[in-house]
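Tertiary structure, described
As a plain string of letters, each chain reads:
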Amino acid sequence: MAARILDGKALAAQVRAAVKQEVAALSQRGIRPGLAVVLAGDNPASRVYVRNKVRACEETGVRSELYELPAAVSEEALLDRVLALNDDADVHGILVQLPLPKHINASKVLETVSPAKDIDGFHAANLGALVAGVPHMVPCTPAGVMRLLDHAGVQLAGARAVVIGRSNIVGKPLALLLLARDATVTVCHSKSRDLQDIARSADVLVAAVGRAKLVTGAMVKPGACVIDVGVNRLPDGSLCGDVDFAAASAVAAWITPVPGGVGPMTIAMLLENCVRAARTQI
Ligand code: NAP
């Protein structure tokens, strides 16, 4: 039987509608949640991501400011911009779009964002809070994946979860979130041996790698829930995830499409984090 589609686009629309209501309620009290986006350089993919985030803000009533800095911007100038935004009471959330130009120390920039305004959840204080089991700002993509799993009613306690990819922004925080929900979690990476066997043991299989169709049908346990975080551009210009969708959906019980799965949820969680940051700061 073909897997059921976990429709991130539809769920994200629900989340955005709830955010819109909350923003309207806050506005009646004279508070307008505000997001500042810092974009350095001219990476075309980053421009698209930023445009989508700003558009989502406009649609929900979150005030947004975009700071576009040239690719040659100095680290000092970028840090000064972030420090000024930290001090701006009208800005509740700060997002520094990655990747940054190579001459800039990205960790230093991310650590300069006030943890209270770090709506991406990348600051060490927020990642540490996640490790300690007292999450504050949870990174948006992992938060979106958890929301999708809950929406599908996937039982996590005691389930075997395998996360392929160990980045600080997706794989690691997601593994912690799954662990906090009592899943038995295995994290795989480029040096993992027996990837196929490990993946095939998963009740919940998440691919966050950035390699088109890395996950084959043979790597999916019958009845598993497969979450595809990957976004890859094929030579014909189309988008493709890390999972061979056709093969995996013949085996899995649930699967996210690309596009229309995790991507829209990432933006929805960003909006939620921004409103949460505004509420916390007032
Ligand atoms: P990343 O920082 O490049 O991390 C990729 C991870 O995959 C690394 O841990 C790497 O292992 C592992 N890996 C690479 N090749 C592998 C292989 N052959 N087998 C097993 N593991 C392998 O990437 P990321 O930032 O986490 O993003 C991952 C993907 O998700 C990308 O396609 C990105 O575009 C996408 N993404 C989507 C969203 C969304 O909203 N939909 C958000 C964020 C990211 P090592 O650690 O050993 O190098």
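The structure displayed is predicted, hence computed values, not measured ones.

1. Focus on the sheet that holds strand 3 (residues 63–69)
Strand order in this open sheet of 3 strands is 3-2-4, and the pairing throughout is parallel. Because the sheet does not close on itself, it has two edges, and the strands there are strand 3 and strand 4 (93–96). Each adjacent strand pair in this sheet contributes to an overall mean axis angle of 15°, direction not counted.

2. Quick notes on the sheet that holds strand 11 (residues 254–255)
Spatially, 6 strands are ordered 1-11-8-7-5-6 in an open sheet, and the strand pairing comes out parallel. The sheet is open, and its two edges are formed by strand 1 (4–5) and strand 6 (184–188), each paired on a single side. Bridge count for strand 5 (residues 160–164) against strand 7 (residues 204–207) is 4 bridges, and the pairing is parallel. Pairing of Val 163 across the sheet is with Val 206, part of strand 7.

3. Here we look at the site of the ligand
Residues in contact with the ligand amount to 21 residues; listed here are only the nearest, Arg 166, Ser 167, Ser 190, Val 231 and Thr 266. At a separation of 3.5 Å, a nitrogen atom of the ligand approaches a polar backbone atom of His 189. Compared with its free state, where it exposes 920 Å², the ligand has 71% of that area covered by protein. A majority-of-atoms criterion places the ligand in the largest pocket. By residue number, the principal contributor to the shell around the ligand is helix 10 (residues 262–281), which donates 3 residues. Among the residues forming the shell around the ligand, the class breakdown is 10 nonpolar, 9 polar and 2 charged.

4. Considering the nonpolar core
Grouped together as the largest cluster of nonpolar side chains are 54 residues, with contacts concentrated most on Leu 35, Val 62, Leu 149, Val 154, Leu 178, Ile 227 and Val 229. The leading source of residues in this core is helix 10, at 10 residues. Taken together, domain 1 (32–115) and domain 2 (139–263) each give at least three residues to this core, which thus spans both. Among all residues touching Leu 149, those that are not within four sequence positions of it are Val 154, Leu 156, Leu 178, Val 204, Cys 225 and Ile 227.

5. A few points about the domain arrangement of the chain
When the parts come together, some accessible area is lost, and that loss is often what is quoted as the size of the interface. Examined at the domain level, the chain breaks down into domain 1 (32–115) and domain 2 (139–263). Put simply, the middle of domain 1 and the middle of domain 2, counted by C-alpha atoms, are 28 Å apart.

6. Quick look at a nonpolar patch on the surface
A cluster of nonpolar side chains, namely Tyr 49, Val 231 and Leu 239, defines an oily patch on the protein surface of about 250 Å² accessible area. Note that Val 231 resides in the loop between strand 8 (225–228) and strand 9 (232–233).

7. Some details on the environment of Pro 101
Inspection of the secondary structure puts Pro 101 in the loop between strand 4 and helix 4 (106–112). According to the relative accessible area criterion, Pro 101 is buried, its value standing at 14%. Taking the C-alpha atoms as reference, Pro 101 lies 9.1 Å from Asp 42; in sequence the two are 59 residues apart. Filtering out sequence-adjacent residues up to four positions away, Pro 101 remains in contact with Ala 40 and Ala 71.

8. Comments concerning the layout of surface pockets
When its volume is computed, the largest pocket comes out at roughly 1,400 Å³. Along the walls of the largest pocket sit 48 residues, with Tyr 49, Thr 141, Val 231, Gly 263 and Thr 266 positioned nearest its centre. Of all elements in the fold, only helix 1 (8–28), helix 2 (44–60), strand 4, helix 6 (140–152), strand 9 and helix 10 reach the threshold of two or more residues within the lining of the largest pocket. Of the residues belonging to the lining of the largest pocket, the class tally is 27 nonpolar, 14 polar and 7 charged. Here the lining of the largest pocket spans two domains, and each of domain 1 (32–115) and domain 2 (139–263) adds at least three residues to it. Roughly 210 Å³ of volume is contained in the second largest pocket. Around the second largest pocket sit His 136, Val 138, Ala 143, Met 146, Arg 147, Asp 150, Leu 177, Arg 181, Met 269, Glu 272, Asn 273 and Arg 276, which together line it. Where the lining of the second largest pocket is concerned, the elements lending two or more residues are helix 6 and helix 10. Taken together, the residues of the lining of the second largest pocket sort by class into 5 nonpolar, 2 polar and 5 charged.

About the criteria used
Residues numbered from 1 in each chain as written. Predicted model: local features only at pLDDT ≥ 70, side-chain atom pairs only at ≥ 80, totals over all residues. Heavy atoms only, no water. Pairing = 2+ DSSP bridges. Helix = DSSP H or I, 4+ residues; strand = E, 2+ residues; numbered from the N terminus. Axes fitted to C-alpha atoms, helices over the stretch in contact; angles between N-to-C directions. Near = heavy atom within 4 Å. Polar contact = N/O pair within 3.5 Å; in protein donor to acceptor, adjacent residues only side chain to side chain. Areas by Shrake-Rupley, 256 points an atom, 1.4 Å probe, with all protein chains shown as cover. 1 Å grid on protein atoms, 1.4 Å probe; cavity = no way out; pocket = protein on both sides within 12 Å on 5 of 7 lines; lining within 4 Å. Sits in = over half its atoms within 2 Å of the grid points. Nonpolar A, V, L, I, M, F, W, Y, C, P; charged D, E, K, R; others polar. Core = buried A, V, L, I, M, F, W, Y, C linked by side-chain atoms within 4.5 Å. Buried < 20%, exposed > 50% of the residue type's maximum accessible area, 1.4 Å probe, protein only. Domains from an automatic or database assignment. Contact = heavy atoms within 4.5 Å. Patch = residues over 30% accessible without salt bridge, like charges linked within 9 Å, V, L, I, M, F, W, Y side chains within 5 Å. Salt bridge = Lys/Arg side-chain N within 4 Å of Asp/Glu carboxyl O. Points joined across faces, edges and corners; volume = space filled by probe spheres on them.

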